[in-house]
Structure formats: C-alpha cells, structure tokens
Amino acid sequence: MTEIIAVAVITVLAVISPGADFAMVVRNSYLYGRTTGLLAATGVAAGVLVHVTYTMLGVGLLIASSTALFTAIKLAGAAYLVYIGVRTFFARNDLVVDLESEPALTRLGALRTGFLTNALNPKTTLFVVSTFTQVVGEDTGLWQQAGYGLFMSAAHLGWFALVALFFSHEQLRTAMLRWQKVLNRGIGSVLIGLGVTLGLAR
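Just so it is clear, the model here is predicted, and its values are computed rather than measured.

The rules behind the values
Residues numbered from 1 in each chain as written. Predicted model: local features only at pLDDT ≥ 70, side-chain atom pairs only at ≥ 80, totals over all residues. Heavy atoms only, no water. Helix = DSSP H or I, 4+ residues; strand = E, 2+ residues; numbered from the N terminus. Buried < 20%, exposed > 50% of the residue type's maximum accessible area, 1.4 Å probe, protein only. Contact = heavy atoms within 4.5 Å. Areas by Shrake-Rupley, 256 points an atom, 1.4 Å probe, with all protein chains shown as cover. Phe/Tyr/Trp six-rings, centres within 6.5 Å; stacked < 30°, edge-to-face > 60°. 1 Å grid on protein atoms, 1.4 Å probe; cavity = no way out; pocket = protein on both sides within 12 Å on 5 of 7 lines; lining within 4 Å. Points joined across faces, edges and corners; volume = space filled by probe spheres on them. Nonpolar A, V, L, I, M, F, W, Y, C, P; charged D, E, K, R; others polar. Expected span 1.5 Å × (residues − 1). Axes fitted to C-alpha atoms, helices over the stretch in contact; angles between N-to-C directions. Left-handed = near helix turned anticlockwise from the far one by under 90°. Core = buried A, V, L, I, M, F, W, Y, C linked by side-chain atoms within 4.5 Å.

**Student:** Outline the overall build of the protein chain, listing residues and values.
**Tutor:** A count of helical and extended segments in the protein chain gives 10 helices and zero strands. Helices and strands in the protein chain line up, N terminus first, as α-α-α-α-α-α-α-α-α-α. A buried classification covers 42% of the 202 residues belonging to the protein chain. Partitioning the contacts of the protein chain with sequence separation of at least 6, the portion at a separation of at least 24 is 87%. Accessible area for the protein chain stands at about 10800 Å²; split by element, carbon and sulfur atoms hold 68% of it.

**Student:** How would you sum up the packing of aromatic side chains? Please name residues and give values.
**Tutor:** Here the structure, examined in full by the defined rule, presents three aromatic pairs. With 5.0 Å between their ring centres and 70 degrees between their planes, Phe89 and Phe90 make a pair best called edge-to-face. For Phe90, a relative accessible area of 63% corresponds to the exposed category. Ring geometry for Phe166 and Phe167: centres 5.0 Å apart, planes at 85 degrees, overall edge-to-face.

**Student:** Before we move on, could you go through the layout of surface pockets and cite the residues and values that matter?
**Tutor:** Size it by volume and the largest pocket reaches roughly 550 Å³. As for the largest pocket, its lining consists of 24 residues, of which Arg27, Tyr32, Arg87, Leu105 and Thr113 are closest to the centre. Taken together, the elements giving at least two residues each to the lining of the largest pocket come down to α2 (20-32), α5 (67-89), α6 (107-119) and α10 (180-200). Residue contributions to the lining of the largest pocket peak at six residues, all from α2. For the lining of the largest pocket, the per-class residue count stands at 13 nonpolar, seven polar and four charged.

**Student:** I'd like to hear about α2, residue by residue, with values.
**Tutor:** The end-to-end C-alpha separation of α2 is 18 Å, in line with the 18 Å expected for 13 residues at 1.5 Å each. Burial within α2 is extensive, with 12 of its 13 residues counted as buried. Within the sequence span of α2, burial applies to Ala20, Asp21, Ala23, Met24, Val25, Val26, Arg27, Asn28, Ser29, Tyr30, Leu31 and Tyr32. Looking at the residues trailing α2, positive phi occurs at Gly33, about 105 degrees.

**Student:** Mind laying out the packing of α2 against helix α8 (residues 142-167), listing which residues take part and the relevant values?
**Tutor:** Contact geometry of α2 with α8 gives a least axis separation of 8 Å together with a crossing angle of 40 degrees. With respect to the hand of their crossing, α2 and α8 are arranged in right-handed fashion. Contacts between α2 and α8 involve Asp21, Phe22, Val25, Val26, Ser29 and Tyr30 on the former and, on the latter, His156, Trp159, Phe160, Val163, Ala164 and Phe167. Each residue belonging to the contact of α2 with α8 can be placed in one class, and the counts come to nine nonpolar, two polar and one charged.

**Student:** A description of the nonpolar core should follow, citing residues and the corresponding values.
**Tutor:** Most often, soluble globular proteins keep nonpolar side chains buried together rather than apart. Residues Val25, Val26, Phe160, Val163, Ile187 and Leu191 are the most contacted members of the largest nonpolar core, which totals 24 residues. At the level of elements, α2, α3 (34-56), α5, α8 and α10 are the ones that each hand at least two residues to this core. Ranked by residue count, the leading element in this core is α2, at eight residues. When sequence neighbours within four positions are dropped, the list of residues in contact with Leu191 reads Ala20, Ala23, Leu81, Val82, Ile84, Gly85 and Thr88. Grouped together as the second largest cluster of nonpolar side chains are nine residues, Val7, Val52, Phe132 and Tyr148 included.

Okay, structure coming up:
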C-alpha cells in the first residue's frame, strides 16, 4: 500500500508541475481548438508510455548507470525543447484561427507534437526512471509495474485534457488570441529556457 501511495503522490506532483508539455497543450488548444488540444494531450500520455516501456525492460537502470547514454538522451530532449521553443517564439503573430476550416495543425500532427514533447522530454525521463528505480522493488510484479505505468499515462491524459478543455473555451481563447504575440513569445521563452537549463544541468 505504501508503494502505491508513493507512486500516486509522485505522479500527481510531476504531472501538475509546469513544463514543456503544459506549454505545448495550452498553445495548441487556444490556437487550434479543443479537438487539437485533446489530441495533443493524448500524444503526451502516449509519450509517457515510451519511458515506462524501456524502464520496465531494464533500460532505465542502464541510463541511471551510464553517464554517456543518459547525457545523450538528455541533450536530445533538451535540443527538441529549444527547437519547438524557437518555433513558438517566432510563430506568426497575425494568425487567424478559423475552427470551421481545416486546422493548420492536422490531427496526426497534434498527436505527433504531444507524443514527441514527452517522449523526448528529460523531465519525463527523470520522473519515470526515478519513480521505478526508487519505489519499485524486486518483489514488485510485472503486472503491478505495468499498472503503475498505465496510471502515470492516464494521469497525464486526465490533467492535460482538462488543460485543453479550459484553454479552448471560446471566450478565453478569443482573449488569448488578442495577446497571441506576447503568449507565443512567453511560451517560446519558457520552452527555450527549459531546454537550455535541462541541457546544461549536471
């Protein structure tokens, strides 16, 4: 029971803490609407399962013990955060959102963006690996570990679905679009800052 409570608490704290996934879902939701935001949230949840899978297979232990491999993964994730941050920062600020026509970001594109944001997110890597290596013991069964992983993914889906629903609300979205330039630069700066900070962290 203690192990289950620990996983639940760590997961909730990790999910609600602001990060690249939050900034990405917010941006997609207010720019392209509720469906795109929810698809991005689904991609975020799927990205979590990547880390869960390799951790359960034992690669997480390899990352924890191999400085070179961990550094490579961290730098790749950090570079991706900087990349999407720069794209967001310099995004067109005169974009007109018309939810009746085909969105600028396709459904597959929304899923892919959400998936890559967390699949290459060093924060998610650290969260999953540290949770499994610190909380899960030798006596923890495979199905129980899988349950933890599914809970982590479901928690991300639930939280970011709420974020998408909130920021895709018509009145709020309209107000946010009026401040699109400032928002894009703010979110872009956060993403770039996260990428640089995580990339330089030792």
